[in-house]
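Residues per chain are reported as follows:
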Amino acid sequence: MARARSEERRAEILRATLEVIAERGYRGATLGAVAERVGLTQQGLLHYFPTKEALLVAVLEDRDRWDTGGGGRGGEGGAWRLELLGSLVEYNAMRPGIVQTFSALLGESVTEEHPAREFFTRRYTQVRAGMAATLRAEYGEMLPGGLTPERAAVLLVAVMDGLQYQWLLDPEAVDMPGAFEDFLGLLRGGSSGPQAP
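Residues numbered from 1 in each chain as written. Predicted model: local features only at pLDDT ≥ 70, side-chain atom pairs only at ≥ 80, totals over all residues. Heavy atoms only, no water.

Enquirer: Outline the packing of aromatic side chains, listing residues and values.
Expert: On inspection of all chains with the given rule, the structure shows two aromatic pairs. Note on Phe102 and Phe120: the rings are 5.4 Å apart at their centroids and 70° apart in plane angle, and the pair reads as edge-to-face. Here Phe102 is found in helix α6 (residues 96–109), whereas its partner Phe120 is found in helix α7 (residues 117–139), with 18 residues between them in sequence. Of the two residues examined, Phe102 and Phe120, each falls in the buried class. Ring centres of Phe119 and Phe120 lie 5.3 Å apart, and the angle between their planes is 80°; this geometry places the pair in the edge-to-face category. The two residues Phe119 and Phe120 agree in class, both being buried. (Phe/Tyr/Trp six-rings, centres within 6.5 Å; stacked < 30°, edge-to-face > 60°. Helix = DSSP H or I, 4+ residues; strand = E, 2+ residues; numbered from the N terminus. Buried < 20%, exposed > 50% of the residue type's maximum accessible area, 1.4 Å probe, protein only.)

Here you go:
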């Protein structure tokens, strides 16, 4: 019973942290602001997460679990089918706050000694491997355009995350799910279908 309450409290803290990061960015998000949002003292918050860095990594890991039911985008959880990747892009288009938080943390993580740098480095290694497995299952050792699954996986991940940045900046101009389907059409060696006039 106490363990279930503790897990609920941790989940509440993670949700509040996402909100605070979305509003203020990682650097502007303080433990005090998160604690206040969930009705704890900062010392009480440290009982659940001993450092801001531990809280950040827990938020990122939770985001991956929400997306995949565990295991990251194709990493430990195995390969996704390409149609399911399209569904993930559509799902992300319905939750801009989470996409904004992830994108902000990803952008900040490229700086030296950022606490999320190791997480994102490890995550991208797993995601590229998962995408390569997805592409290999679909096309074998060579895609229609002549790329190996490993070479195409890098592009696939870049398109998914790059589209998120463009969409966040100008959601009216960028149809994230539609653009991703266009890219899948290119990977398949053709177009994604007739274009609207």
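Enquirer: Explain a negative patch on the surface residue by residue, including any values.
Expert: There is a patch of like negative charges on the surface, built from Glu90, Asp175, Glu181 and Asp182. Counting through the fold element by element, Asp182 comes out in helix α9 (residues 176–187). (Patch = residues over 30% accessible without salt bridge, like charges linked within 9 Å, V, L, I, M, F, W, Y side chains within 5 Å. Areas by Shrake-Rupley, 256 points an atom, 1.4 Å probe, with all protein chains shown as cover. Salt bridge = Lys/Arg side-chain N within 4 Å of Asp/Glu carboxyl O. Lys, Arg positive; Asp, Glu negative; His and termini not counted. Charge placed at Lys NZ, Arg CZ, Asp CG, Glu CD.)

Enquirer: Describe the pattern of salt bridges, listing the residues and the values that go with them.
Expert: For side chains bearing opposite charge, pairing can occur when the charged atoms are close. According to the stated counting rule, one finds seven salt bridges in the structure shown. Between Arg9 and Glu12 there is a salt bridge, with its nearest N and O atoms 2.8 Å apart. Here Arg9 and its partner Glu12 are both found in helix α1 (residues 2–28), three residues apart, which amounts to about one turn of the helix. Looking at Glu12, the relative accessible area reads 28%, which means it is partly exposed. Put simply, Arg117 and Glu112 hold a salt bridge, and the shortest N to O gap is 4.0 Å. Accessibility expressed as a relative area gives 32% for Arg117, which makes it partly exposed. The exposure class assigned to Glu112 is exposed, which follows from its relative accessible area of 64%. Via salt bridges that share partners, Glu19, Glu23 and Arg37 belong to a single interconnected network.

Enquirer: Help me get a handle on the confidence of the model for the chain, residues and values and all.
Expert: This prediction gives the chain a mean pLDDT of 84; 88% of its residues lie at or above 70. Predicted confidence in the chain is weakest over helix α4 (residues 52–68), with a mean pLDDT of 78, and strongest over helix α8 (residues 149–169), with 96. Confidence drops under a pLDDT of 50 for residues 192–197, and excluding neighbours within four residues, the segment shows four contacts in the predicted structure. (pLDDT = per-residue confidence, 0-100. Contact = heavy atoms within 4.5 Å.)

Enquirer: Any details on the nonpolar core? Residues and values, ideally.
Expert: In this structure, Ile13, Phe120, Met131, Leu135, Leu156, Phe180 and Leu187 are the most contacted members of the largest nonpolar core, which totals 50 residues. With residues near it in sequence (within four places) discarded, Phe180 still touches Leu85, Gly86, Val89, Leu156, Val159, Met160 and Leu163. (Core = buried A, V, L, I, M, F, W, Y, C linked by side-chain atoms within 4.5 Å.)

Enquirer: Give a description of the environment of Arg9 that names residues and reports values.
Expert: Between the C-alpha atoms of Arg9 and Leu45, which are 36 residues apart in sequence, the distance is 9.8 Å. Excluding its chain neighbours within four sequence positions, the residues that come into contact with Arg9 are Val38, Gly39, Leu40 and Tyr48. Of the polar contacts made by the side chain of Arg9, one reaches the backbone oxygen of Val38; its length is 3.1 Å. (Polar contact = N/O pair within 3.5 Å; in protein donor to acceptor, adjacent residues only side chain to side chain.)

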